[in-house]
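Read off the chains here:
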Amino acid sequence: AESKMSGGGGSRVSSGREMNSVPDIGESLGAAGRQGFDFLCMPIFNPRFKREFGESPAKDRPGALTRSDLLLSGRDWNTLIVGKLSPWIQADSEDEQVRTNSEEALMQELNFAAYLGVPAFLIPLRQSNNSNLARLLLNHLLTGHHSTVFWIRVPLISSEDMRDDIVENDPVLRSEDCSEEEKTWLWWHHFRSLCDYNKRIALALDVGADLPSDSVIDRWLGEPIKAAVLPTSIFLTNKKGFPVLSKMHQNLIYRLFKLEVQFVITGSNRHSQKEYRSYLQYLEYLNHHRPPPNSYETFAKGYEDYLQCPLQPLMDNLESQTYEIFEKDPIKYSQYQQAVYKCLLDRVPEEEKDTNVQVLMVLGAGRGPLVNASLRAARQSDRRISVFAVEKNINAVVTLQNWKYEEWGDQVTVVSCDMRDWKAPVKADIIVSELLGSFGDNELSPECLDGAQRFLKDDGVSIPSEYTSFLAPISSSKLYNEVRACREKDRDPEAQFEMPYVVRLHNFHQLDDPQPCFTFIHPNDGKHSNSRYKTMDFKVNLNTVLHGFAGYFETILYKNVTLSIRPENHSPGMYSWFPILFPLKQPISVKAGETVCARFWRCTNAKKVWYEWAVTAPECSAIHNPIGRSYTIGL
C-alpha cells in the first residue's frame, strides 16, 4: 500500500501538493493526479471549524465533525493523502483554556488520521517550547497499532530571522547559546529528544527563500528527513517564464535527492499557464541532471545505513560468495600488483634478474587473487618469484589447488595451514597479505603477521608495511535508531551499543575531520605489544548531538603505493571496505566551540582482542565494552 508514498529507490521524483482547504476531495485529488502529483497534503478537519470542548452550547453543536471517510477508498487514504494538523491547534499555549482545547482537538485529529490510515501526517513546530505537543504525540504513538509516520514540519530558518526589518542586535532575538540560524534545529532536536528518537517521528523541512550557511545545512542533512516543503515563492522565473531555482537551492535539492525525500509544493501558482505541472517538471529536470553515481555509490546501493557485523575471518571460515565480492574490487588488486612490482625491482637488480628468485609468501591467500596479482607483477617487472600460498580455510584451499593444477603449476606451492602454526621450509623475501578490516587492525592483521614474522628474512619486506586507523565524531539519529533496534532478548539490553558495525554511512553529519588512532608497522622489529591507547580531541563548530564515531583506515602497501578509505583521500572506485561505526549508548549534546574528547583502547589477551571506548568531554560517557563483555575478536 506504500507504492506512491514510500519514495522507494525509484529514480523519479515523488511529490505532493499542499492545500489549505479542499472543498471536494475527489475533485482535488483528480486534479493533483492530472498535474503529476503523487499525493495530496490536506487538513483532515475543516480549518475554520474550530472545535470547543469545554463550554456548552458549542460542545453540543449537532452535525458531523468532518467529511466522511467513504469519500475515498481505503487504499486511496493509505497511499494518496498526507494529513495536516489544523493550524489553530496550540498544545503549548500559555493560556490554559487554549491549551486544553488544543489537546482535545489534537487527540481527535490524530485518532481520526489513524482511523483513516493515512501514511503520513504533518505537524508544524512554530516555537522553541513544544514539550506538551511531544508528550501527546508520544502517547499517541505508544497506543494502538496504527503505522502513520509523523512529518514534523520545521523551517530551515525561523520566519522572524527572514524579515528584512530586523533590528541589529535586537535583544529579544539573541538567546545565550545559539545563533539565529541554529534556532529551528534546536526546536527539532528538543522535540525528537523528548520523543526519545521514536522511529516514526521524521522531519519535513520547510525550505525558504533564504538558506542558512553550509555547515548548518550539513547538520540538517544528518537528520531523518522524509519530506521537503518547497513554496512556489522561492522559485525564480527564467526567460521563457518557467520556474527555476537559484544555484544554492539546486545544490540543496541534489543533496535531498540522495536521501530520497519526497517534495511538497505549497503556495499559489506563480508561473506559466501549465498550472502546477511546471514546478514538477523542473524537479524532474534537476533529478535527470544530477551527477551520476560513481562506481562506489553504485556498488553500495541498497546498503546505505545498513548495519553489518564485522567479519571475523580468523575465527570463522569465509563463504565463497564473500570471497567473490571482494575479488571483484577493481582498485585493490591493481595496487597490490603495483606494490609487488616496485618491491621486486628494488630487491633484484637488472643483472640478477635471471638468477635471483625471490621467495614470496601470500599469507591468507583466500581463493588466490593476491597470488595472481603477484604473478602478474613478476611478469611486469621481468623478475622471477617462487610463491607459497598459505590459507587456513580448507574450503578455499580446494580452489587454490585447482588454480595450481590448471594455471600456476610448480611456481606456486599451496599450503593448507594457519600462518601462525606453519613450519616454513625456507624464509621469505616478501610476505603479502590482505588481512585488513574497515578499522585497519580489526581483523587481527597485527597478531597474524607477528606470528608469521619468524619466517621473514632479516631484510625481508611486508606488504602492507604499515596501516593506521582513523576516527571522526558523527551525528546521526538514523544510525542511533538502527543500533538501538539491534537489541536481542538473551543478552544485556545495551550490548548492541558496545560493538562496532560495518556500515555504508549515508544519513549522517561528520562533526570534525578524522584523526589518526592506532598505527601498526611490519615487520614489528622490537616485537612491540599490539595493545594501544589513544586520546583524540575534536573541535566542534556548531550545536549538535554526538551519536558515535566513524572509523576508517589507510595503509602503505609499499613506499608510495597506498590504499585508503578515509574520505579525504579515498582510493577512487575501491569498494572492498565500508566505514566502521562505534556507537554511544547515550547521545551527548555538544555546544558550538566545545571539544569532544574521545578515548579508545585496543586490548589483547592470549585468546582474543577487543576495543573499549569512552567520551570524556564535553561530558563523561560510560566506558563501552569493558573486558570485551559485548564484543571480542577471537584469535
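Remember, it's a predicted structure, so these values are computed and weren't measured experimentally.

Visitor: Break down the sheet that holds strand 20 (residues 532-539) for me, citing the residues and quoting the values.
Guide: A sheet is described by the order of its strands in space; here four strands give the open sequence 20-24-25-26, paired in antiparallel fashion. The open sheet has two free edges, formed respectively by strand 20 and strand 26 (633-634), since each of these has just one partner strand.

Visitor: Account for unusual backbone geometry, with residues named and values stated.
Guide: At the junction of Ile 463 and Pro 464, the peptide bond is cis and its omega measures out at 10 degrees in the coordinates. In this structure, Pro 464 sits in the loop between strand 15 (456-463) and strand 16 (466-475). Backbone torsion omega between His 522 and Pro 523 reads -5 degrees, so that peptide bond is classified as cis. Summarising the element assignment, Pro 523 is placed in the loop between strand 19 (515-521) and strand 20. The phi angle at Asp 305 is positive, at roughly 60 degrees, despite the residue not being glycine. Looking at the secondary structure, you find Asp 305 in the loop between helix 9 (295-300) and helix 10 (320-327). You can call Asp 305 buried: its relative accessible area is 3%. In this model, Lys 559 sits at a positive phi of 50 degrees, which is unusual for a non-glycine residue.

Visitor: Explain the pairing of strand 13 (residues 412-416) to me, using residue names and the numbers behind them.
Guide: Relative to strand 13, strand 12 (residues 384-391) is paired through five bridges, and the arrangement is parallel. When the sheet's bridge partners are listed, Val 387 is paired in strand 13 with Val 412. For the handedness criterion, the β-α-β arrangement of strand 12, helix 13 (residues 394-408) and strand 13 is classed as right-handed.

Visitor: Kindly report on the sheet that holds strand 13, identifying the contributing residues and their values.
Guide: Across the sheet, which stays open at both edges, the five strands sit in the order 13-12-11-14-15 with parallel pairing between neighbours. Of all strands in the sheet, those bounded by a partner on one side alone are strand 13 and strand 15. This sheet shows a mean twist of 20 degrees between the axes of neighbouring strands, independent of strand direction. In the packing of helix 11 (residues 332-347) onto the sheet, contacts are made with strand 11 (357-363), strand 12, strand 14 (428-433) and strand 15, and the angle to strand 15 comes to roughly 150 degrees.

Visitor: Run through the packing of helix 7 (residues 247-258) against helix 8 (residues 277-288), naming residues and quoting values.
Guide: Packing of helix 7 against helix 8 leaves a shortest axis separation of 10 Å and a crossing angle of 70 degrees. Relative to helix 8, the element helix 7 lies roughly perpendicular. Judged by residue contacts, Gln 250, Ile 253, Tyr 254 and Phe 257 of helix 7 engage Tyr 282, Leu 283, Leu 286 and Asn 287 from helix 8.

Visitor: Break down the side chain of Gln 358 for me, citing the residues and quoting the values.
Guide: The residue Gln 358 is located in strand 11 in this model. At a separation of 3.0 Å, a polar atom in the side chain of Gln 358 contacts the side chain of Asn 356.

Visitor: Which residues make up the nonpolar core, and what values go with them?
Guide: In terms of nonpolar packing, the biggest core is built from 179 residues, with Ile 152, Phe 263, Ile 463, Phe 549 and Phe 600 touching the most fellow members. It is strand 21 (residues 544-558) that provides the largest number of residues to this core, a total of eight residues. Dropping the residues within four chain positions of it, Ile 463 is found in contact with Tyr 336, Ala 339, Val 340, Cys 343, Ile 430, Ile 431, Val 432, Ser 433, Leu 557 and Tyr 558. With 11 residues, the next largest nonpolar core counts Val 82, Leu 122, Ala 202 and Val 229 among its residues.

Visitor: Kindly report on the pairing of strand 22 (residues 561-564), identifying the contributing residues and their values.
Guide: Relative to strand 22, strand 21 is paired through four bridges, and the arrangement is antiparallel. Counterpart to Thr 555 in the pairing with strand 22 is Leu 563. Hairpin connection from strand 21 to strand 22: two residues lie between these consecutive antiparallel strands, with Lys 559 at a positive phi of about 50 degrees.

Visitor: Can you lay out the environment of Trp 220 for me, pointing to particular residues and giving the numbers?
Guide: Within the secondary structure, Trp 220 sits in helix 6 (residues 214-220). For the pair Trp 220 and Gly 551, spaced 331 residues apart in the sequence, the C-alpha separation amounts to 22 Å. Setting aside residues no more than four positions away along its own chain, Trp 220 makes contact with Val 154, Pro 155, Leu 156, Thr 184, Trp 185, Trp 188, Leu 203, Leu 205 and Ile 225.

Visitor: Describe in detail the state of the cysteines, supporting the description with residues and values.
Guide: If you walk through the whole model with that rule in mind, you get zero disulfides. In this structure Cys 517 is not part of a disulfide, and its nearest cysteine sulfur, from Cys 603, lies 12 Å away. For Cys 517, a relative accessible area of 8% puts it in the buried group.

Rules of the game
- Residues numbered from 1 in each chain as written.
- Predicted model: local features only at pLDDT ≥ 70, side-chain atom pairs only at ≥ 80, totals over all residues.
- Heavy atoms only, no water.
- Pairing = 2+ DSSP bridges.
- Helix = DSSP H or I, 4+ residues; strand = E, 2+ residues; numbered from the N terminus.
- Buried < 20%, exposed > 50% of the residue type's maximum accessible area, 1.4 Å probe, protein only.
- Right-handed = clockwise from strand over helix to strand, strands pointing away.
- Axes fitted to C-alpha atoms, helices over the stretch in contact; angles between N-to-C directions.
- Contact = heavy atoms within 4.5 Å.
- Parallel < 35°, antiparallel > 145°, perpendicular 65-115°, else oblique.
- Polar contact = N/O pair within 3.5 Å; in protein donor to acceptor, adjacent residues only side chain to side chain.
- Core = buried A, V, L, I, M, F, W, Y, C linked by side-chain atoms within 4.5 Å.
- Disulfide = S-S within 2.5 Å.

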